[in-house]
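# Summary of the model geometry
The primary structure of each chain is shown beneath.
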Amino acid sequence: MVVAFAALVMLNGCIVSDSKLTEKVTQSIVEYEQQQGNALEVTDLKLEKADGKGYKGVLTGKLNGEDAIFDVTVDDTGSEFDIDWEQRK
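This structure is a prediction, so every number in the text was calculated from the model and none was measured.

For the coordinates displayed, the defined rule picks out 1 aromatic pair. The lysine or arginine in question, lysine 49, covers the ring of tyrosine 55, its NZ or CZ lying 4.8 Å from the ring centre.

Laid out in structure tokens, this is it:
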């Protein structure tokens, strides 16, 4: 199953702590999956600063009761973040 979705996350201010960013990204992915009829329980999300204004990372958890790993990309577009994720096979 491949999940790729661009979600715009409104964050307060342009400077966001790493923990706040991780929290907002996790929340956005979980909410989107719920809207698609999926149950996603996040165990961990590790984000690292990438080149430019973005982050790359790995989300681990359970999707509909099955272990799942997602590759996550976050692009900083100013006051919003564009989030893409894809489940590893």
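Additional details are given in the paragraphs that follow.
Below, the discussion takes up the side chain of threonine 26. In this structure, threonine 26 sits in helix α1 (residues 18-35). When near neighbours in sequence (up to four residues on either side) are disregarded, threonine 26 contacts Val42 and Leu45.

All right, on to the pattern of salt bridges then. Pairing between side chains of opposite charge can happen when their charged atoms approach one another. For the coordinates displayed, the defined rule picks out 3 salt bridges. The salt bridge partner of lysine 46 is aspartate 44, with a shortest N-O separation of 3.0 Å. A residue is classified by how much of its surface remains accessible, and lysine 46, at 55% relative accessible area, is exposed. Aspartate 71 is paired through a salt bridge with arginine 88; the nearest N and O atoms lie 2.8 Å apart.

Relative to the 26 Å expected for 18 residues at 1.5 Å per residue, α1 spans 26 Å between its end C-alpha atoms, a close match to the ideal helical length. Turning to α1, its buried residues are Leu21, Val25, Thr26, Ser28, Ile29, Val30, Tyr32 and Glu33. Two residues or fewer after α1 comes glycine 37, characterised by a positive phi angle close to 85 degrees.

Quick look at unusual backbone geometry now. Even without being a glycine, asparagine 64 presents a positive backbone phi close to 55 degrees. Relative to the helices and strands, asparagine 64 resides in the loop between β3 (54-63) and β4 (66-76).

Grouped together as the largest cluster of nonpolar side chains are 18 residues, with contacts concentrated most on Val25, Ile29, Leu47, Phe70, Val72 and Val74. Elements with a minimum of two residues in this core: α1, β2 (40-50), β3, β4 and β5 (80-87). A per-element tally of this core places α1 first, with 5 residues. Beyond its immediate stretch of four places on either side in the chain, valine 25 contacts Leu45, Leu47, Val72, Val74 and Ile83.

What follows deals with the pairing of β3. As paired strands, β2 and β3 are joined by 10 bridges and run antiparallel to one another. Bridge pairing in β3 places aspartate 44 opposite threonine 60. Hairpin geometry of β2 and β3 is characterised by an intervening segment of 3 residues between the two adjacent antiparallel strands and by a positive phi of about 75 degrees at glycine 52. Of the pairings in the sheet, the one linking β3 to β4 comprises 10 bridges and is antiparallel in character. Paired with glycine 54 across the strands is aspartate 75, a residue of β4.

Reading the values: rules and limits
Residues numbered from 1 in each chain as written. Predicted model: local features only at pLDDT ≥ 70, side-chain atom pairs only at ≥ 80, totals over all residues. Heavy atoms only, no water. Phe/Tyr/Trp six-rings, centres within 6.5 Å; stacked < 30°, edge-to-face > 60°. Lys NZ or Arg CZ within 6 Å of the ring centre and 35° of its normal. Helix = DSSP H or I, 4+ residues; strand = E, 2+ residues; numbered from the N terminus. Contact = heavy atoms within 4.5 Å. Salt bridge = Lys/Arg side-chain N within 4 Å of Asp/Glu carboxyl O. Buried < 20%, exposed > 50% of the residue type's maximum accessible area, 1.4 Å probe, protein only. Expected span 1.5 Å × (residues − 1). Core = buried A, V, L, I, M, F, W, Y, C linked by side-chain atoms within 4.5 Å. Pairing = 2+ DSSP bridges.

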